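Reading the structure
Here are the chains, one letter per residue:
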Amino acid sequence: MTITEREQQASTTVPDGSVDKPAPGTGHEGQTFLVGDEVYLRAIEPSDATYAPSWKNTVFPKSTEYYEKWIKEDMVKEERTATYLIIRKRDDVPVGSIKANYWDPSVFLEPYVDPIYADSGQRWLAEALTLMLPWLVDEQHRPIAVVAVNSSQTAAIAALETAGARQTARFRDKVRIHGGRADELVFEYLNSLWVKTLGDPNDQPIERSGTGDPRPVPLKVELDGDPPKNAVMVGSRVYLRPFEKKDADEVALWSRRETEPFWSNGRAMRSAVGFASWTEGLEKDDPPEWIRFAVCLRENDELIGAVGIDGVDFVNGCGESESEIHRPEYRGGGYGSEAKHLLFDYAFNRLKLHSLQSFVIFPNTRSAAALRKQGYTEVGRLNWDYTSDGRFANLVCFELLAADWRALPRASRPNANETSAS
Ligand SMILES: CC(C)(COP(=O)(O)OP(=O)(O)OC[C@H]1O[C@@H](n2cnc3c(N)ncnc32)[C@H](O)[C@@H]1OP(=O)(O)O)[C@@H](O)C(=O)NCCC(=O)NCCS
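Thresholds, definitions, all that
- Residues numbered from 1 in each chain as written.
- Predicted model: local features only at pLDDT ≥ 70, side-chain atom pairs only at ≥ 80, totals over all residues.
- Heavy atoms only, no water.
- pLDDT = per-residue confidence, 0-100.
- Contact = heavy atoms within 4.5 Å.
- Disulfide = S-S within 2.5 Å.
- Helix = DSSP H or I, 4+ residues; strand = E, 2+ residues; numbered from the N terminus.
- Buried < 20%, exposed > 50% of the residue type's maximum accessible area, 1.4 Å probe, protein only.
- 1 Å grid on protein atoms, 1.4 Å probe; cavity = no way out; pocket = protein on both sides within 12 Å on 5 of 7 lines; lining within 4 Å.
- Points joined across faces, edges and corners; volume = space filled by probe spheres on them.
- Polar contact = N/O pair within 3.5 Å; in protein donor to acceptor, adjacent residues only side chain to side chain.
- Salt bridge = Lys/Arg side-chain N within 4 Å of Asp/Glu carboxyl O.
- Patch = residues over 30% accessible without salt bridge, like charges linked within 9 Å, V, L, I, M, F, W, Y side chains within 5 Å.
- Areas by Shrake-Rupley, 256 points an atom, 1.4 Å probe, with all protein chains shown as cover.
- Core = buried A, V, L, I, M, F, W, Y, C linked by side-chain atoms within 4.5 Å.
- Pairing = 2+ DSSP bridges.

Taken residue by residue, the chain gives an average pLDDT of 92. The fraction at 70 or more is 92%. Between residues 1–20, whose pLDDT stays under 50, and residues either more than four places distant or in other chains, the model counts 26 contacts.

Quick look at the structure:
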C-alpha cells in the first residue's frame, strides 16, 4: 500500500456519504493524556489490524486477518509487555508504535514508526517519545525507562536529549536500516526523585579484573580421525554439541553444587525435568530464537558447560552471546574462552551474523575480563536493570562485530622443534 492509499483508507467515504471514522472510542477526543500536537498514543484494538504494517515492527508481511486474530488471542495473553500505538491526530491513522517491556525495576521501550512516512514519521516518533517518557516514568513512579533508537533517527535522538534522557551505550552497526546499517543507541530516562534517593547510577564505577587485552584466536583444529560424537564445532580441549535429554540430570546436579553466588543474581536451582522441557521448547522454534550448545571436554566427553546465542535476530544479523561453565573447577582456566571462539566461528562463519552483544552484571568481573580477552569491546552500561544488595544494579554492555573477530591476531602454529621439545 502506498502512502496515498493508506491516507485515503483513513478517510474513505462510505455509501451514506459520511466519513468512515475509526472504531468508536479509538479517536483522541476526550483523551486526557498522551496527546501531543501531531500525534497521540493509545492501546491497540482489533480494528487496528488493518494498519499492522504501520505499527508492527517486522519486515515480514502478514494479513489483516492474521493480526486481528493475533490482537484478540495472543496479544491479550502477553505478560509484562504492552504496545501503544502512535496515532496521527488529523485522521486517527496509526503510524507507529512503542512497545513497552516491563522488567522490574526498568521498562524497556522499543519505538517503531512506519518507514513509509520518512521524515514526517520520524517527527511523529520524536513527539510520541516526548509524551511517553514522563507518563511512564514520572507519572507512574517508575525509576527508569530505557529506549533503543538507531543513529539515523536524529529527530528522536534530539527529542530524547531535550526530554532529559541520556545515552548510556552505543552498539556499532547493530541494526539494518533501509539500504544500510546504523548504530543502536541506548538512552535512559531516569526518574529524578529516585535519583535523589539513590544517587546517580553512573557514579558507580565498573570494577575490572584481568589484563583487559584481547588474546589471539585459537588455531582452527585439524582433526586427525573422526570428530567426537555429535560434535558441531571442535577445539583443542573442548567441543560443542547439541544438548541431549540425558544432560538435564547433570545440569540440575551441578546447579545444586554451585559454589559462587556472585556471577548471577544469586545461585539458580535447576530441575532436570524443567531443563529438559526448556531445551525441548528451544528446539521447536524454527528459525531458532536461542541457539545453545553443550560444551564438552575432548579428553573424556564430559559435559562442563554451555554456550549460546539468545535473541538470534536473522534480519539484523545479531544476537546476545551467553556462556556458562557449570563446574567451578573449570572456570578461570580458559575453557569458557575456547568454547566462545568456537561459538564465534559458528556465529560469524556459519550463520553469517554481523555482531554479537553481551551484558554482564558489575560484580562478575571474571566474565567481563573473559569477554575483553575474547576480543569484545566495552560499549556502555545499562543502569538500574535488576535488584541487588539493597539497590538497583547495573550491567556492563559489550559487543563483538564479525569484522573485529576476523581482525584479531591468530595463534601461531608451534614449530616442529617446539613440538618435539615439549
Ligand atoms: C564466564 C566464563 C564462561 C569465562 O570462561 P573462563 O574459561 O572462566 O574464562 P578465562 O579463563 O578464559 O578468562 C577469565 C578471565 O578472568 C580473570 N579471572 C579469573 N578468575 C577470576 C576471578 N575469580 N575473579 C575475577 N577475575 C578472574 C582471569 O584473569 C581472566 O582474565 P585475563 O586472562 O585477562 O587475566 C566462566 O568463568 C563461567 O562460566 N563463569 C560462571 C558463569 C558466568 O559468569 N557466565 C557469564 C554470565 S554473563
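Once you've had a look at it, read on.
This paragraph deals with the state of the cysteines. Enumeration according to the criterion identifies zero disulfides in this entry. Looking at Cys318, it has no disulfide partner, and the nearest cysteine sulfur is the one in Cys397, 14 Å off.

The subject of this paragraph is unusual backbone geometry. Backbone geometry follows two general trends: most residues other than glycine have a negative phi, and most peptide bonds adopt the trans configuration. For the peptide bond that leads from Asp104 to Pro105, omega is 0°, which places it in the cis range. The linkage connecting Asp286 with the following residue, Pro287, adopts the cis geometry, with an omega of 5°. By the element assignment, Pro287 lies in the loop between α8 (272–284) and β10 (290–297). With a phi angle near 65°, Asp301 is a residue other than glycine that sits in the positive phi range. As for its position among the elements, Asp301 is in the loop between β10 and β11 (303–313). On the basis of relative accessible area, Asp301 is assigned to the partly exposed category, the value being 44%.

The computed volume of the second largest pocket comes to approximately 370 Å³. Taken together, 19 residues form the lining of the second largest pocket, with Leu219, Lys220, Val221, Leu342 and Asp345 sitting closest to its centre. Elements that contribute at least two residues to the lining of the second largest pocket include exactly β8 (233–234) and α9 (335–350). Of the residues forming the lining of the second largest pocket, the biggest block, six residues, is contributed by α9.

Time to look at the environment of Glu329. Position of Glu329 among the secondary structure elements: in the loop between β12 (318–325) and α9. Taking C-alpha positions, Glu329 is 48 Å from Ser97, a pair spaced 232 residues apart along the chain. Polar side-chain contacts of Glu329 include one of 2.8 Å to the side chain of Arg327.

This part is about the pattern of salt bridges. Tallying each qualifying case throughout the model produces 27 salt bridges. We note a salt bridge from Glu184 to Lys174, for which the minimum N-O separation is 3.1 Å. With a gap of 10 residues between them, Glu184 in strand β7 (residues 180–190) and Lys174 in strand β6 (residues 166–177) connect regions that are remote in the sequence. Among the residues examined, Glu184 registers a relative accessible area of 14% and is labelled buried. A cluster of three or more residues bridged by salt bridges with shared partners is formed by Glu258, Glu260, Arg331 and Arg366.

The next subject is a nonpolar patch on the surface. A surface patch of nonpolar side chains, amounting to about 280 Å² of accessible area, comprises Val59, Phe60 and Val315. The class of Val59 is exposed, set by a relative accessible area of 59%.

Counting 45 residues, the largest nonpolar core has Trp55, Leu109 and Val149 as its most contacted members. Of the residues forming this core, the biggest block, nine residues, is contributed by helix α4 (residues 118–139). Sequence-distant contacts of Val149, that is, excluding residues within four places in its chain, are made with Pro111, Leu129, Ala156, Ile157, Leu160, Asp183, Glu184, Leu185 and Phe187. Ranked by size, the runner-up nonpolar core spans 36 residues in total, among them Val312, Phe398, Leu400 and Leu408.

Turning to the pairing of β11, a few remarks are in order. The buried fraction of β11 amounts to eight of the 11 residues, a majority that puts the element mostly inside the structure. Alignment of β10 against β11, held across seven bridges, turns out to be antiparallel. Its bridge partner lying in β11, Cys296 is registered against Leu303. Counting the residues that bridge the hairpin from β10 to β11 gives five residues, and of these Asp301 lies at a positive phi of roughly 65°. By the bridge criterion, seven bridges tie β11 to β12 in an arrangement that is antiparallel. Bridging from a neighbouring strand, Asp310 pairs with Glu320 of β12.

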